Amino acid sequence: MATLSENSRKFLVELCKKYRNDEHELINVLHEAQDELGYLPVEVQHVIAGELNIPDARVYGVVTFYSFFTMVPKGKFDISICMGTACYVKGSELILDEFKRRLKVKVGGTTEDGIFTLSTLRCVGACSLAPVVSIGSKVFGNVTPLQVKKIIDEYVEKAEELH
Amino acid sequence: MENTIIKFAMGTCGIASGTQDILNLFDKELSRLNYPAQLVKTGCMGHCYAEPTISITLPGREPVYFGNVNEERARDIIDHFLLKGDKTEGIIPPEGDFSKKQFKIALKNCGEIDPENIQEYIDREGYKALMKCVTMKPEKVISEMKASGLRGRGGGGYPTGLKWENTRKSKSDVKYVVCNADEGDPGAFMDRSVLEGDPHSVIEAMIICGYSIGANKGLVYIRAEYPLAISRLKTALHQAREQGFLGENILNSRFSFDIEIRYGAGAFVCGEETALIHSMEGMRGEPTFKPPYPSVKGYMGKPTCVNNVETLANIPAIIRNGSEWFASIGTATSKGTKVFALAGKIKRTGLIEVPMGTTLREIIFEIGGGIKGIKKFKAVQTGGPSGGCLSEKYLDTPIDYEHLLEAGSMMGSGGMIVLDEDDCMVSMAKFYLEFSIDESCGKCAPCRIGNKRLYEMLERITDGKANMSDLQKIKDLSVVIKDTSLCGLGQTSPNPVLSTLNQFHDEYVAHIDEHFCHAHQCKELIHYVIVADKCTGCTVCFRNCPVEAIYGDKGEVHTILDNQCIKCGICFSKCKFNAIIIN
């Protein structure tokens, strides 16, 4: 088991204290921990379990139950394909297939270069723009399979600029 | 002189369409021109098909709505409508089909007020219902609620007044009011729009509920995926506290009440009330057997009243206008209005609110403007993953809880997806079932394992590997899953399968017998072929094929390699000579 940095451990201890070390606040604690640390590996779960005085298994059970929590780090850009019904009937599956094929990852996977994580979500409420792809806070509407390459290229460029 | 008021629809959908840029443009241009105007950010106006949407109220005049306001149109509006008083392009007529048949109670303030300014809510009779309630006996408030006939808008349709009464009768020192804002149906977004556009109506209703049942604490359980709704709700709670609507001794009534927010973490099953309560307690959101009902033993083992957002948004209006007024709207068994999120293959997608008893035909063809393009209407899906698809023969069904159930679907939370000839009903059933499998908590076997097996049977059909006896097996298994699952998710998950099988039986048979998908959606059953007579060898298909499954020299007839083709359909849509056909 990899060890957690002292800073991260301190942060978690303080975080749990903020919630009165109350086991019923577990989900709120996990939300804030993930916001800060990016993901929730077992080491993080272990510290939280200790602070809230509950078994590790309970924390693990909750982390794996909810799709919002992740145990693996995400890429720089999270590409989310909307699989809500409105997007589905307008062909979002073809868009997803094209992203999978070009990025060579499955849903939930991160590309080897760490740039993209591919995920699906249910309805961003922009149904009139269906099918919709969202990356960060940006929403792409009326996406066609042909545009997929363009979108990927745009963000590869952005990632290079960030370097 | 009064200022012109310009409102910008800034719900999630509006922002995604670029309304902020339009607002900035107005702000800059109008201050440059020294034009006296008040710019207001509101919630969703419902015209999702025409975002960005804005409304302009000239002093002493009725508001005028403008749709599809891009930069060019915005400049046009400023130059002609505002400065010269001329009509411009893009006006959405108030008496048009989209608005005519609608009747707004829950959405009354959405898109009209600034959700981050409590004064605007108060100016529109906000918190008047609460002021009225605290002068009434709690029992009297509950009897008003019962008389109104309001039923839960989250899908189940349980009478709200009765729920309140049951919770009031439970003896306990501590009780809770919970607002269920864990809207998870794919294609339904009314709860989010209400919280983004009119959070105070929900807060006011929760306080009234607390007063009636004897609770001092309220909790809003909201999806973490709704950041804008969360931030507006937080602002609203803060302002309500400042104004003394929340806190100790509210309006000198000796009644105290406060509200906290709890976050969901992406689990559809948490919309079920027992699962929601477990999730709020920091556990896995797994449902438990009822009874005991939450009204007896809920959050932290205490009596809890769980109401959905849209249900709550109706309550201040019911108290203000009286139960008779509300009961006069709607049908014999379903009173009031229902909000629907209209989407799919329809001209005007949007968020609409109609009186119960409105027919599907009125909603789809009058309000929604009918099918987009030249295709024919095929079905409408209501009730999300728990509902079903209704074919043409149900178009004149008046919408209420009972009629939709009779037709083999259900009200659900109000997603309404319109399908045309290009949609394969077997694939639709598969789509919803996949959703239910994804979201099943795994606690009970019928839902966890049964749905998976059911899905595999449907997959065999769309792959062309099924036989006719599978249809009976599908029916039998569906019935078992419905009868034996623990909670609402499992009990309703086979509905999309059963309703499509019932109404589109021929389509299932065509998949099995002829290996044919009318809608050309089932990839395993379609093959793209180039017709030699029509192909000019222009190479467009060749250049656009993402997997190099097409070959042929310039000027020569091209060929598609079926074993390499991924059936993406790009060549089909790109060919100008109709030389590519689907076999």
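Please refer to the structure higher up on the page.
Notes on the structure follow.

Rules and cut-offs
Residues numbered from 1 in each chain as written. Chains lettered and ligands numbered in written order. Predicted model: local features only at pLDDT ≥ 70, side-chain atom pairs only at ≥ 80, totals over all residues. Heavy atoms only, no water. Helix = DSSP H or I, 4+ residues; strand = E, 2+ residues; numbered from the N terminus. Expected span 1.5 Å × (residues − 1). Contact = heavy atoms within 4.5 Å. Pairing = 2+ DSSP bridges. Axes fitted to C-alpha atoms, helices over the stretch in contact; angles between N-to-C directions. Core = buried A, V, L, I, M, F, W, Y, C linked by side-chain atoms within 4.5 Å. Buried < 20%, exposed > 50% of the residue type's maximum accessible area, 1.4 Å probe, protein only. Salt bridge = Lys/Arg side-chain N within 4 Å of Asp/Glu carboxyl O. Left-handed = near helix turned anticlockwise from the far one by under 90°. Nonpolar A, V, L, I, M, F, W, Y, C, P; charged D, E, K, R; others polar. Buried area = accessible area lost by both parts, 1.4 Å probe. Polar contact = N/O pair within 3.5 Å; in protein donor to acceptor, adjacent residues only side chain to side chain.

## As for helix α3 (residues 71-82) of chain B
Taking 1.5 Å per residue, 12 residues should reach 16 Å; α3 of chain B reaches 15 Å between its end C-alpha atoms and fits that length. Looking at the packing, one finds that the buried side of α3 of chain B touches β1 (4-9), α2 (19-32), β3 (54-57) and β4 (64-66) of chain B.

## Quick notes on the sheet that holds strand β7 (residues 217-222) of chain B
Residues and elements named next belong to chain B. Taken in spatial order, the four strands make up an open sheet running β8-β7-β6-β9, and their pairing is parallel. With partners counted over all chains shown, the strands left at the sheet margins are β8 (258-263) and β9 (304-308), one partner each. Taking each pair of neighbouring strands and ignoring which way they run, the sheet shows an average axis angle of 25 degrees. Bridging between strand β6 (residues 176-181) and β9 involves five bridges; their strand directions are parallel. Counterpart to V177 in the pairing with β9 is C305. Running at roughly 165 degrees to β8, helix α11 (residues 227-242) makes contact with β7 and β8 of the sheet.

## Digging into the side chain of T4 of chain B
By the element assignment, T4 of chain B lies in strand β1. When residues no more than four places from it in sequence are discounted, the contact partners of T4 of chain B are Y35, P36, A37, Q38, I56, T57, L58, P59 and L82 of chain B.

## Remarks on the nonpolar core
Among the nonpolar cores identified, the biggest contains 84 residues, and W164, I203 and I207 of chain B are the most heavily contacted of them. By residue number, the principal contributor to this core is helix α10 (residues 199-213) of chain B, which donates nine residues.

## So, the sheet that holds strand β13 (residues 388-391) of chain B
Residues and elements named next belong to chain B. Read across the open sheet, the five strands follow the order β11-β10-β14-β12-β13; overall the sheet is mixed. Where the open sheet ends on each side, the last strands, each with one partner, are β11 (350-355) and β13. Averaged over all neighbouring strand pairs, the angle between strand axes comes to 30 degrees, with direction disregarded. Bridging between strand β12 (residues 377-382) and β13 involves four bridges; their strand directions are antiparallel. Of the residues in β13, the one forming a bridge with T382 is G388.

## Topic: the pattern of salt bridges
Residues and elements named next belong to chain A. Going through the model one piece at a time under the given rule, you end up with 46 salt bridges over all chains. Of the charged contacts in the structure, one is a salt bridge between R58 and E23, with a shortest N-O distance of 2.8 Å. Taken together, the residues span a long stretch of sequence, with R58 in helix α4 (residues 56-65) and E23 in the loop between α1 (6-18) and α2 (26-37) at a distance of 35 residues. Among the salt bridges present, the one from E98 reaches R102, with a minimum N-O distance of 3.1 Å. In this pair, E98 and R102 are both assigned in helix α6 (residues 92-103), four residues apart and thus about one turn of the helix distant. We classify E98 as buried; its relative accessible area is 3%.

## Observations concerning the packing of α2 of chain B against α3 of chain B
All names here are of chain B. Contact geometry for α2 and α3: axes closest at 10 Å, N-to-C directions at 40 degrees. Here the hand of the crossing between α2 and α3 comes out right-handed. Here I22, L25, F26, E29 and L30 of α2 come into contact with α3, specifically with E71, A74, R75, I77, I78 and L82. Per-class residue counts for the contact of α2 with α3 are eight nonpolar, no polar and three charged.

## Brief notes about unusual backbone geometry
Keep in mind that most residues, glycine aside, have a negative phi and that most peptide bonds are trans. Cis rather than trans, the peptide bond between E51 of chain B and P52 of chain B has omega equal to -5 degrees. Considering the arrangement of structural elements, one finds P52 of chain B in the loop between β2 (37-42) and β3. The linkage connecting K290 of chain B with the following residue, P291 of chain B, adopts the cis geometry, with an omega of -5 degrees. Here P291 of chain B is to be found in the loop between α12 (273-280) and β9. At N142 of chain A, a residue that is not glycine, the phi angle is positive and equals roughly 50 degrees. Accessibility expressed as a relative area gives 45% for N142 of chain A, which makes it partly exposed. At N578 of chain B, a residue that is not glycine, the phi angle is positive and equals roughly 50 degrees. Turning to its location among the elements, N578 of chain B is positioned in the loop between α24 (570-574) and β18 (580-582).

## Concerning the interface of chain B and chain A
The partner chain A presents 39 residues to the 55 residues of chain B that form the contact. Carbon and sulfur atoms make up 61% of the surface buried where chain B meets chain A, a total of about 3,600 Å² over both sides. Area buried by chain B at its contact with chain A is led by A265, R284 and F431 of chain B, which between them contribute 16% of it. On inspection of chain B and its partner chain A, the count reaches two salt bridges. Our count for the contact surface shared by chain B and chain A stands at 15 residue pairs in polar contact (both at pLDDT 80 or more). Every element with two or more residues in the side of chain B that touches chain A is listed here: α1 (12-16), β8, α12, β10 (337-344), β14 (415-420), α17 (425-439) and α24 of chain B. Counting residues per element, the side of chain B that touches chain A draws most heavily on α17 of chain B, at six residues. Of the residues belonging to the side of chain B that touches chain A, the class tally is 29 nonpolar, 12 polar and 14 charged.

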